[in-house]
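Architecture at a glance
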2 protein chains.
Amino acid sequence: MSIEYSDNSIKNEDFIQSLARGLSVIQAFSNEHPTLSVSEASKITNLSRPAIRRILLTLEKLGYVKSKKGHFSLTARVLSLGYAYISSKNIWEIAHPHMKSLVDITGESTSISVLDGTEIVYVARIPTKRIMTITLGIGSRLPAYATSMGQVLLAHLSTLELEHYFSDVSLESFTRKTIVDKSDLIEKFNQIRESGWVLVEQQLEEGLSSIAAPIRNAEGKVIAAINISAHASRIRDKVKKERFIPLLLKTAEQISIDISKSNQISYL
Amino acid sequence: MSIEYSDNSIKNEDFIQSLARGLSVIQAFSNEHPTLSVSEASKITNLSRPAIRRILLTLEKLGYVKSKKGHFSLTARVLSLGYAYISSKNIWEIAHPHMKSLVDITGESTSISVLDGTEIVYVARIPTKRIMTITLGIGSRLPAYATSMGQVLLAHLSTLELEHYFSDVSLESFTRKTIVDKSDLIEKFNQIRESGWVLVEQQLEEGLSSIAAPIRNAEGKVIAAINISAHASRIRDKVKKERFIPLLLKTAEQISIDISKSNQISYL
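Just so you know, these numbers come straight off a predicted model, no measurement behind them.

Procedures and definitions
Residues numbered from 1 in each chain as written. Chains lettered and ligands numbered in written order. Predicted model: local features only at pLDDT ≥ 70, side-chain atom pairs only at ≥ 80, totals over all residues. Heavy atoms only, no water. Helix = DSSP H or I, 4+ residues; strand = E, 2+ residues; numbered from the N terminus. Rg over C-alpha atoms; globule rule 2.2 N^0.38 Å. Buried < 20%, exposed > 50% of the residue type's maximum accessible area, 1.4 Å probe, protein only. Pairing = 2+ DSSP bridges. UniProt positions renumbered as here; feature names shortened; annotations may be inferred.

**Looking at the overall build of chain A**
When helices and strands are counted, chain A shows 10 helices and 9 strands. Taken over the C-alpha trace, chain A has a radius of gyration of 20 Å; the compact-globule value for 268 residues is 18 Å, and the two agree within 12%. Dimensions along the principal axes, computed over C-alpha positions, put chain A at roughly 60 × 40 × 35 Å. Residue burial in chain A is summarised as follows: out of 268 residues, 56% are buried.

What follows is the structure in C-alpha cells.
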C-alpha cells in the first residue's frame, strides 16, 4: 500500500512525514487484516519496523488502537475521525428525511456518494435488503466507472479532471457488462449529462442494477450523487423504472435545495 | 479541546507528537465548525498557528482536507479511516442480518455501541423513524451513564475500571430523569447484571426511551451492547415491552454466537 498524494503542491519542509505514515498505518487494518503485528504492518505499509512500532504505540496511547500479545487492532475511537466529516457536513440532517421517504415509497435501498480519486465513497446509505455480496456502509469505496453514482459524478467532471481520471484509473471488467473502453465511457457520460440520470445494469456485480442522479450545490455544481439500487430483475421492469426515475430525480432535487439553504453548500 | 491519553505507559521518545496533533486537528472539525482557518483551528486545538498550517497542508496533500480561500474542510477520504475499523471488525457482516430482523419485527430502530472512555460510540445502527433531536449515526458518541447501552456496558466493567470511570466522568442532568448520583448508578448496574437487560426512560432526552442488552464474546466477556429505541410512550406500553425484551435478548444472543464463531472475537 502506498500513500496517495493529491496534486496540491507543498514545500518539502512543510510535509509532516510521520502524520502521513500514521494515517497509512490506520488504513492498513482491514477485513483481511483485523489485527496486525509490527512486522505485518511493516509489510503492508512498506515502513520500517521501528517506525511502525512507534506509530502503533502512539496510536495506542491515544486510544485509537489496542494490543494483545503483540497484536494490534483498531478501537471504536477511530470512528470519531470519520464522524468529524459526517458531522461537519450535516449530511444526515439534510439528506436523511428525503432518503427515508424514497425508501418508504420504493422499498429499495438508497445511497449518496462523492468522488474521491478514482473511487466513489458512500457518505449516506439506507439499506433495505441485503442483495450485494459486498457489504456497503458509510465509508465504503467502489470503482467509479462501474457504478451508477460514479458514472454520474464522472459525467460532470471538467475535461481536465476527466483526463486526470483516465490517466489514474485502470479499467477492469467485473462482469460481462462492465464498460472498460474509454470512448464508450465518454459517450455514456455525454448521455448522462443530457438525460440527467443513468441506469447501470450489472456492471459491478451480476444481478445488481442501480439508477443514479446528481445532487447540486447552490451554484449548480454537481457535488454528490444519489442512487436507488435493487435486484437487476426488479429495476429492469419497465413500470418500476418509470416510477423510480421521477422519484429519484425529485429526491435529488429536494436534497440539492436543502444543501443550497445550508451553509455547508460548497464543501460536500 | 485537549488530546486524550489512555493509561498505557509509553516512553517519551516513542510518542510521535505530530501524529497526535494531526489527529486532533481532524477532530477539530464539527457541525459547529465545518470549515476552519489556520487561526480557528489553532484556537480549538491550542496548537500554534505554524504547527496547524503544516498539519493542514499535509492533510491537504494526502487528500483528507481541501481548502478554499484559506478555509479548510474535511473530504470524504476521512471516512476511510473509520471504515478501516468497521471493515476490520466485520461488524456489518455479523450483526446486520440479526439487527434487520429485529427492525422488521419491532418496527423500531436498533443500534450497537461500545464503550470508549466515558462515552458510548455507535458502531452499527438501523434507524427507522427520526425521533431524536440528536442525529445519530455510526461514530456518534453519547455519555454512557444516560443511555441504556452505556448502562449495560458500565454494569459489566471491573471494579477498578468502574472506579476509573467515575473519576473521569462528570455527571450532569439532561432531563429530570437522568441518574446523576454515583451510588444510584452503582445500584442500577447491580440490577442490570441480575436481569440481563435495562430499560432507560427519558434520561438523555425527553420523549426517548430504550432497552439494551449485552453482547458477549466467546469467553463470555461483554464487548458491546445492543438496544431498541423508541418514543417513550410506545416503549412504556407494557405489552410492547414484554414483546420487545425477549426479542432483544434473542438478537443479542444470536450476535454473540456469531461473534464467537468469527475470528474477530476479542477485538470488538
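There is more to say, and it comes next.
**What about the pairing of strand E2 (residues 65–68) of chain B?**
It is a general feature of regular strands that their side chains alternate between the two faces of the sheet. Residue and element names in this part refer to chain B. Bridge analysis of E2 against strand E3 (residues 71–74) gives 4 bridges, and the strand direction is antiparallel. Paired with Lys68 across the strands is His71, a residue of E3. The antiparallel pairing of E2 with E3 creates a hairpin that spans 2 residues between the two strands, and Lys69 there sits at a positive phi of about 50°.

**Here's the deal with the pairing of strand E9 (residues 222–231) of chain B**
Residue and element names in this part refer to chain B. With 9 of its 10 residues buried, E9 lies for the most part within the structure. Pairing of strand E4 (residues 109–116) with E9 involves 5 bridges; the strand directions are antiparallel. Its bridge partner lying in E9, Ser113 is registered against Ala225. Sheet topology places strand E8 (residues 208–216) next to E9; 9 bridges connect them, and they run antiparallel. Its bridge partner being in E9, Ala213 is matched across the sheet by Ile226. Following E8, the chain reverses through 5 residues before pairing antiparallel with E9; Gly220 in that reversal takes a positive phi of roughly 85°.

**Quick word on unusual backbone geometry**
All names here are of chain A. You will see that Asn46, though not glycine, has its phi angle at about 65°, which is positive. Of note, Asn46 is situated in the loop between helix H2 (38–45) and helix H3 (49–61). The exposure class of Asn46 is exposed, given its relative accessible area of 64%. A positive phi angle, close to 50°, is found at Gln202, a residue other than glycine.

**Regarding the UniProt feature "domain: HTH iclR-type" (unreviewed entry) in chain A**
UniProt records the feature "domain: HTH iclR-type" (unreviewed entry) for residues 16–76 of chain A in the present numbering. Helix makes up 54% of residues 16–76 of chain A and strand 16%, and the two end C-alpha atoms of the span are 25 Å apart.

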